[in-house]
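Architecture and fold: a report
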Amino acid sequence: CSRSAPWAWPQRPGRVPSPPGGPGGREVRGDRVTRLLLAAALVTGLGGAGAVATALADAPRAPERAAATAPLAPGHAAAVLGRSVPVALDIPAIGVHASLVALGLQADGTVAVPPLGSPDAGWYEHSPTPGERGPAVLLGHVDSARTGPGVFYDLRMLVPGDAVRVSRADGSTVVFRVDSVERYPKAAFPTATVYGDIDHAGVRLITCGGAFDRAARSYVDDVVVFGSAVAA
């Protein structure tokens, strides 16, 4: 994950420009245009130059896992909330307690990532905020040879039922239940599955994983955690 993706991210999932001479961007849901805009978007740049050359698929389960709280029961879907910027992320099962920073686009149109060595995770500011309808996208580094394990180093250790808690600027906390943890080759990233419109408040936690390609100085896969907001 030492390189940025060569594809530009859209300014906001679900938002496309109007035809020339028309009004400003219009909101669309579940249409092909949104999915096509996202079809080339891959999350890379989440490791670091010279990232630790070990396959996370062989990494042992984090020791704090055994002491974590019990997984959440399936429960009922949480009510959809209004927009409020996320400020902190807690994942007790893997010992993540991090601030969240807003991530926009770089000058070349690729998504920004937190600085290497930063203890923070990031929220892609053109995705829904956690608690809004749609998939809120949270990104974090897996590791770096220079700075060691990143905030999402143990992300792949999560299991269905684990809790992900996001604190928002309005003082509310959204609780997500992990639905599944998946690993996809970067060359075959299922864009519509990860970023497509959904009818509830969801979250996508994304980092790099799989084997490390020394020649490309990048991991070959992406780890994606899917979660749904549940009533507290």
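Our subject is the structure listed above.
It should be emphasised that the depicted structure is a prediction, and the values quoted were computed from it without experimental measurement. (Residues numbered from 1 in each chain as written. Predicted model: local features only at pLDDT ≥ 70, side-chain atom pairs only at ≥ 80, totals over all residues. Heavy atoms only, no water.)

What about the nonpolar core?
Quick note on the threshold: Only buried residues count toward a nonpolar core, which is a set of Ala, Val, Leu, Ile, Met, Phe, Trp, Tyr and Cys residues joined through side-chain atoms within 4.5 Å. Relative accessibility thresholds used throughout: buried, under 20% of the residue-type maximum; exposed, over 50%; partly exposed, between the two (1.4 Å probe, protein chains only). A helix here means a DSSP run of H or I that spans at least four residues, while a strand means a run of E at least two residues long, and both kinds are numbered starting from the N terminus. It only takes one pair of heavy atoms within 4.5 Å for two residues to be counted as in contact.
L89, I91, L155, L158 and L205 are the most contacted members of the largest nonpolar core, which has 26 residues in total. Mapped by element, the contributors of at least two residues to this core are β3 (86–91), β4 (96–103), β5 (121–124), β9 (163–168), β10 (173–185), β11 (201–213) and β12 (218–229). Apart from residues no more than four positions distant in its own chain, L89 is found in contact with V96, H97, A98, L100, A121, L138, F152, V164, R165 and V166. Of all hydrophobic cores here, the second largest spans twelve residues; its members include L103, Y124, L139 and V194.

Observations concerning the pattern of salt bridges
Once their charged atoms are close, side chains differing in charge can pair, the charge on each being opposite to the other. Threshold: A pair is scored as a salt bridge if a Lys or Arg side-chain nitrogen falls within 4 Å of a carboxyl oxygen belonging to Asp or Glu.
Inspection of the entire model under this criterion finds four salt bridges. Note that D221 and R183 form a salt bridge whose closest N and O atoms lie 2.9 Å from each other. Remark: R183 occurs in strand β10 and D221 occurs in strand β12; sequence separation between them is 38 residues. The class for D221 is buried, based on a relative accessible area of 10%. Given the relative accessible area of 43%, R183 is considered partly exposed. Of the charged contacts, one joins D222 and K186 as a salt bridge, the two residues approaching to 2.5 Å between their closest N and O atoms. Linking D222 in strand β12 with K186 in the loop between β10 and α2 (191–195), this pair joins segments that are 36 residues apart in sequence. K186 carries the same exposure label as D222, and that label is buried.

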